[in-house]
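# Commentary on secondary and tertiary structure
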Amino acid sequence: MSSAGNLATGEYTAAALEMARANKDFVVGFIAMGRVEERYPAPLPHPLTKATDRGELVLEHSLSPDLEDWLVLTPGVGLDVRGDGLGQQYRTPHEVVFESGCDVIIVGRGIYGEGGDTEGMKRQAQRYREEGWKAYLARTKQQ
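Since we're looking at a predicted model, the values are computed, not measured.

Positionally, Glu37 belongs in helix α2 (residues 36-39). Here Glu37 falls in the buried class, since its relative accessible area comes to 10%. In this structure, Glu37 is in contact with Leu17, Arg21, Glu68, Asp69 and Trp70, ignoring residues within four places of it in sequence.

Okay, the environment of Glu131 next. Summarising the element assignment, Glu131 is placed in helix α5 (residues 118-139). A sequence separation of 52 residues divides Glu131 from Leu79, and the C-alpha atoms of the two residues are 8.9 Å apart.

Glancing now at the nonpolar core. Leu17, Phe30, Ala32, Val36, Trp70 and Val96 are the most contacted members of the largest nonpolar core, which totals 13 residues. Sorting the residues of this core by element identifies α1 (10-22), α3 (93-99) and α5 as the ones contributing at least two each.

Conventions adopted
Residues numbered from 1 in each chain as written. Predicted model: local features only at pLDDT ≥ 70, side-chain atom pairs only at ≥ 80, totals over all residues. Heavy atoms only, no water. Helix = DSSP H or I, 4+ residues; strand = E, 2+ residues; numbered from the N terminus. Buried < 20%, exposed > 50% of the residue type's maximum accessible area, 1.4 Å probe, protein only. Contact = heavy atoms within 4.5 Å. Core = buried A, V, L, I, M, F, W, Y, C linked by side-chain atoms within 4.5 Å.

In structure tokens:
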């Protein structure tokens, strides 16, 4: 997903989102590079009529687009490099969480890529945790 030229764009993404919307009892989110529901908003819901206790008809909506809040997990997060020779593109936790509105960062090589010892990997993981948390607090205006 975070490689240059990946195919998870356009119609593919829109179709995946529609499948998720049709299966909200099963799907909770996406592995994506940003908020997919903002790029592909839900169609306006079909209004339903409902009778009140007094027999009056009121309009209700079967789905409110405002209620969509998918969990978004994002790969391709890096602090020390921006890419590699294989087309991998890295974004910082701030870019992913604060700017793109993602919820969870997925880090691979940034933690284990140097082939270091366990303690070195723990230190790297802590760096990502701290940077991700700072970005989340900034996004939610808690910082």
